[in-house]
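Breakdown of the fold
Spelled out from the first residue to the last, the chains are:
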Amino acid sequence: MTHFASRLVRTIKRPLVLTGLVLLPLGWGAVDAFAKDHAFLINASPSLPNWAFWLDKHARIERGSLIFFEPPASRLVEAHFGEGAQLFGKRVLGVPGDVVSHRGHEVFINGRKIAARLDETRLGIALHKGPEGPIPDGCFYTGTSHQRGLDSRYAEIGFVCRGQILGSGRAIL
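Report on the accompanying structure. (Residues numbered from 1 in each chain as written. Predicted model: local features only at pLDDT ≥ 70, side-chain atom pairs only at ≥ 80, totals over all residues. Heavy atoms only, no water.)

1. Comments concerning the sheet that holds strand 7 (residues 112-116)
- Judged by pairing direction, the sheet is antiparallel, and its four strands sit side by side in the order 7-6-5-8 without closing on themselves. With one partner strand each, in any of the chains shown, strand 7 and strand 8 (133-134) form the two edges of the open sheet.
- As paired elements, strand 6 (residues 106-109) and strand 7 share four bridges and run antiparallel to each other. Counted as the bridge partner of isoleucine 109 is arginine 112 from strand 7. (Pairing = 2+ DSSP bridges. Helix = DSSP H or I, 4+ residues; strand = E, 2+ residues; numbered from the N terminus.)

2. Re the state of the cysteines
- The full count for this structure, using the stated rule, is one disulfide.
- With its sulfur 2.0 Å from that of its partner, cysteine 139 forms a disulfide with cysteine 161. With the S-S bond torsion at 95 degrees, the cross-link from cysteine 139 to cysteine 161 turns out right-handed. A residue pair is termed long-range when its members are at least 10 positions apart, and cysteine 139 in strand 9 (residues 139-143) and cysteine 161 in strand 10 (residues 160-161) qualify at 22 residues.
- For cysteine 139, a relative accessible area of 7% translates into the label buried.
- Here cysteine 161 falls in the partly exposed class, since its relative accessible area comes to 24%. (Disulfide = S-S within 2.5 Å. Buried < 20%, exposed > 50% of the residue type's maximum accessible area, 1.4 Å probe, protein only.)

3. Focus: the side chain of lysine 90
- Note on placement: lysine 90 falls in strand 4 (residues 88-94).
- Buried charged residue lysine 90 carries no salt bridge. Nearest counter-charge: aspartate 151, at 5.1 Å.
- Polar contacts involving the side chain of lysine 90 include one to the main-chain carbonyl oxygen of leucine 150, which spans 3.3 Å.
- Ignoring any residue separated from it by four or fewer positions in sequence, one finds lysine 90 in contact with Ser47, Leu48, Ser65, Leu66, Ile67, Phe69, Thr142, Gly143, Thr144, Gly149, Leu150 and Asp151. (Lys, Arg positive; Asp, Glu negative; His and termini not counted. Salt bridge = Lys/Arg side-chain N within 4 Å of Asp/Glu carboxyl O. Polar contact = N/O pair within 3.5 Å; in protein donor to acceptor, adjacent residues only side chain to side chain. Contact = heavy atoms within 4.5 Å.)

4. Focus: the environment of glutamine 147
- Mapped onto the fold, glutamine 147 is located in the loop between strand 9 and strand 10.
- Assessed through its relative accessible area of 58%, glutamine 147 is described here as exposed.
- Aside from chain neighbours lying at most four places away, what touches glutamine 147 is Leu118 and Arg153.

Take a look at the structure:
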């Protein structure tokens, strides 16, 4: 290193270190704030075609959104997914004010067929017809294209309401 370069490094070394010490907490605060509102999720279920999702806890939820939520605690959920809190990821098929109806095993939203129900899970546990009528404010009707998806078609999940929802996500892998 030349004498000039050596002197330059000594001259700017202290201001660079001090600047770094000042900016590090500011940068860390921004990263921390971002991390409180976002998450990276891995999907272990075949009900969604992707396996990795980026979650935004404050994203707007509308028809077609992918939401992640805590399902109601039940023996059925525990039998299929294990003990402890499990997050479900489903598409929003119905929004507040939409009307859900059933004809036999077929499920309709606003008169349009969206799915068919099964009588039991792959483990032989009985499934019950999900909610009907207008979707209440703050709640959503969820589903997937997977025929065995455990979603709002069934009373065991029902409408998914704001208190259960962690956020809205998008598939990244």
